[in-house]
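Structural characterization, general
What follows is the residue order along each chain.
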Amino acid sequence: MAGMTSSARPLLNRRLAEFGTTIFAEMSALALRTGSINLGQGFPDTDGPEEVREAAVRALRDGRGNQYPPGPGVPELRTAVAAHQERRYGLVHDPDTEVLVTAGATEAIAAALLALVEPGDEVVAFEPYYDSYAACIAMAGGTRVPVTLRPHEGSFRLDLDELRAAVTDRTRLLLINTPHNPTGTVLTRAELTAIAELAVERDLLVVTDEVYEHLVFDEAEHIPLATFPGMRERTVTIGSAGKTFSFTGWKVGWITANGPLVSAVRTAKQYLTYVSAGPFQYAVAEALQLPDSYFDGFRTDLRRKRDLLGDGLRAAGFEVYQPQGTYFITTDITPFGEKDAYAFCRALPERCGVVAIPNSVFYDDPDAGRSQVRFTFCKKDDVLQEAANRLRRLAS
């Protein structure tokens, strides 16, 4: 019959057979259907700085970016990214050859892995991991090798011996995320030093996702891996405006690296979106030039929100792992006598009117995170307080 397809082969590329609808789409739809408070997907419920939003409006009205911007990104943004990296971290980049603007950090991850990984290459990544990591490694034909961050004294820690053991002669690349989503772990200087030494010793490329670089709390410090000896020439650093300026819908991200690495990633990126977010690129260029008081205030406000929700989760009976960065809190549900985070999250809207994310979907071995549930705290205070009040029903 016309329109019929052969049943001999599935329609979906076999590399993506294990991936279905993302957990974020599933849980956000559940929140909408039940009218629940959505503490699952990590997007703020307020816009970022008014002057940045107005900069986007001004660019639109002035006709800047309404047509195709340059493939690598508008010069103003590339210059601002380079200035940010130098001012913050002492990393000097040529904005013309060592900065590439992308459609958010997610495209940066995809383009980097498609460019640098070939079929059969192994990619070592920390788990639990942001879900696009696994899909992008699969699309590149690589083999993901997980190194598990494990709970230890109220937070998640990296086992450096496990990391070293995961590297083989087939390892091509380390995929690092710090501050880490979903656990909130921020790698220490000692841990980063050991990772850098391993990468140099084994001649590995590194892609480091640092989109939460400005969201570190308490005594934690974000240190780009590219600043360590031998790492500048082998590291692709990924940044994003969405998390830092609370305009996640603009999808403006970037990579910084040495010229040959940027050229390689640009080759893949140009066949993904080619270009995007023209007027928003000009606005983000201005955002990156905001004074330190903005970044300090943003971090202070998110730390307060973390503590507000964290206290509520503890009062409800969760075991809470204190995050050092990002805007997520990972909890454990075993104090409730439950062990299946996915079933718990499916039922939570009916029980409490709150939506969260089961961490088990971020592991190769779901049993490793079977009882872990992630909440986001990048919401208004009254939303967080109401969610905490609703969750207290679990304690009774």
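Above this note sits the structure.
Residues numbered from 1 in each chain as written. Predicted model: local features only at pLDDT ≥ 70, side-chain atom pairs only at ≥ 80, totals over all residues. Heavy atoms only, no water.

Inspection of the secondary structure assignment puts Lys-339 in the loop between strand S12 (328-332) and helix H12 (341-352). When the C-alpha atoms of Lys-339 and Ala-29 are compared, they prove to be 24 Å apart, with 310 residues separating the residues in sequence. In this structure, Lys-339 is in contact with Ile-333, Thr-334, Arg-370 and Ser-371, ignoring residues within four places of it in sequence. (Helix = DSSP H or I, 4+ residues; strand = E, 2+ residues; numbered from the N terminus. Contact = heavy atoms within 4.5 Å.)

All right, on to the pattern of salt bridges then. Once their charged atoms are close, side chains differing in charge can pair, the charge on each being opposite to the other. This structure, assessed with the given rule, holds 27 salt bridges. For Arg-144, the salt bridge goes to Asp-364, with nearest N and O atoms at 2.8 Å. In this pair, Arg-144 sits in strand S4 (residues 143-148) while Asp-364 sits in the loop between strand S14 (357-358) and strand S15 (372-376), placing the two residues 220 residues apart along the sequence. Given the relative accessible area of 21%, Arg-144 is considered partly exposed. On the basis of relative accessible area, Asp-364 is assigned to the partly exposed category, the value being 32%. Among the ionic pairs, Arg-314 bridges to Asp-311, the shortest N-O distance being 3.4 Å. Taken as a pair, Arg-314 and Asp-311 lie in helix H11 (residues 292-316) at a separation of three residues, close to a single helical turn. Classification of Arg-314 by relative accessible area gives partly exposed; the value is 38%. (Salt bridge = Lys/Arg side-chain N within 4 Å of Asp/Glu carboxyl O. Buried < 20%, exposed > 50% of the residue type's maximum accessible area, 1.4 Å probe, protein only.)

On to the nonpolar core. Phe-318, Phe-375 and Leu-391 are the most contacted members of the largest nonpolar core, which totals 97 residues. Ranked by residue count, the leading element in this core is helix H4 (residues 104-116), at eight residues. If we skip the residues at most four places from it in the chain, Phe-375 touches Leu-39, Leu-309, Leu-313, Phe-318, Tyr-327, Phe-328, Ile-329, Thr-331, Leu-348, Val-354, Ala-356 and Leu-391. Counting 26 residues, the second-largest nonpolar core is a separate cluster that includes Phe-156, Ala-166, Ala-196 and Tyr-321. (Core = buried A, V, L, I, M, F, W, Y, C linked by side-chain atoms within 4.5 Å.)

Once that is clear, we can look at helix H10 (residues 278-287). Residue pairs three or four apart in sequence face the same way in an α-helix, which turns once every 3.6 residues. The element H10 is extensively covered by neighbouring structure, given that eight of its 10 residues are classed as buried. By the burial criterion, the buried members of H10 are Gly-278, Pro-279, Gln-281, Tyr-282, Ala-283, Val-284, Ala-285 and Ala-287. Contacts made by the buried residues of H10 are with helix H2 (50-62), helix H3 (75-89), strand S2 (99-102), helix H8 (241-245), strand S10 (253-256) and H11.

Burial analysis of strand S3 (residues 122-127) places six of its six residues in the buried class, the great majority of the element. Residues Glu-122, Val-124 and Phe-126 line one face of S3 and the alternating positions Val-123, Ala-125 and Glu-127 line the opposite face, and both faces are buried. Here S3 pairs with strand S7 (residues 171-177) via four bridges, running parallel. Counterpart to Val-124 in the pairing with S7 is Leu-174. (Pairing = 2+ DSSP bridges.)

Remark: H11 packs on helix H13 (residues 381-391), axes separated minimally by 8 Å, with the N-to-C direction vectors making an angle of 10°. Here H13 runs roughly parallel to H11, going by the angle between their axes. Of the residues in H13, those touching H11 at Arg-304, Lys-305, Leu-308, Leu-309, Gly-312, Leu-313 and Ala-316 are Asp-381, Leu-384, Gln-385, Ala-388 and Leu-391. Each residue belonging to the contact of H11 with H13 can be placed in one class, and the counts come to seven nonpolar, two polar and three charged. (Axes fitted to C-alpha atoms, helices over the stretch in contact; angles between N-to-C directions. Parallel < 35°, antiparallel > 145°, perpendicular 65-115°, else oblique. Nonpolar A, V, L, I, M, F, W, Y, C, P; charged D, E, K, R; others polar.)

All chains considered together, the criterion is met by two cavities of 30 Å³ or more. Of the pockets and cavities examined, the largest cavity occupies roughly 50 Å³. In this structure, the largest cavity is lined by Pro-70, Gly-71, Gly-73, Val-101, Thr-102, Lys-269, Tyr-274, Val-275, Ser-276 and Gln-281. For the lining of the largest cavity, the residue count by class is four nonpolar, five polar and one charged. Of the pockets and cavities examined, the second largest cavity occupies roughly 40 Å³. (1 Å grid on protein atoms, 1.4 Å probe; cavity = no way out; pocket = protein on both sides within 12 Å on 5 of 7 lines; lining within 4 Å. Points joined across faces, edges and corners; volume = space filled by probe spheres on them.)

Applying the stated criterion across every chain, the model contains 18 aromatic pairs. Here Phe-156 and Tyr-321 contribute two aromatic rings whose centre-to-centre distance is 4.9 Å and whose plane-to-plane angle is 65°, an arrangement assigned as edge-to-face. Remark: Tyr-321 occurs in strand S11 (residues 319-321) and Phe-156 occurs in strand S6 (residues 155-157); sequence separation between them is 165 residues. Note on accessibility: Phe-156 and Tyr-321 belong to one class, buried. Summarising the aromatic geometry, the rings of Phe-245 and Tyr-294 are spaced 5.7 Å apart at their centres and angled 20° between planes, so their arrangement reads as stacked. Pair noted here: Phe-245 is in helix H8 and Tyr-294 is in helix H11, with a separation of 49 residues, a long-range link. An aromatic cluster is present here, built from Phe-245, Tyr-294, Phe-295 and Phe-298 joined pairwise through their rings. (Phe/Tyr/Trp six-rings, centres within 6.5 Å; stacked < 30°, edge-to-face > 60°.)

With that out of the way, let us pick up the sheet that holds S3. Taken together, seven strands build an open sheet; the order of strands is S2-S10-S9-S8-S7-S3-S4 and the sheet is mixed. The two strands at the open ends of the sheet, each matched to only one other strand, are S2 and S4. Between one strand axis and the next, the sheet turns through 20° on average, direction left out of account. Examined bridge by bridge, strand S9 (residues 235-240) and S10 share four bridges and lie antiparallel to one another.

This next bit is on H11. Between its first and last C-alpha, H11 extends 36 Å over 25 residues, near the 36 Å set by a 1.5 Å rise per residue. Those residues of H11 not exposed but buried are Tyr-294, Phe-295, Phe-298, Leu-302, Lys-305, Arg-306, Leu-309, Gly-310, Gly-312, Leu-313 and Ala-316. Where H11 terminates, the next one or two residues include Gly-317, which has phi positive at roughly 115°. (Expected span 1.5 Å × (residues − 1).)

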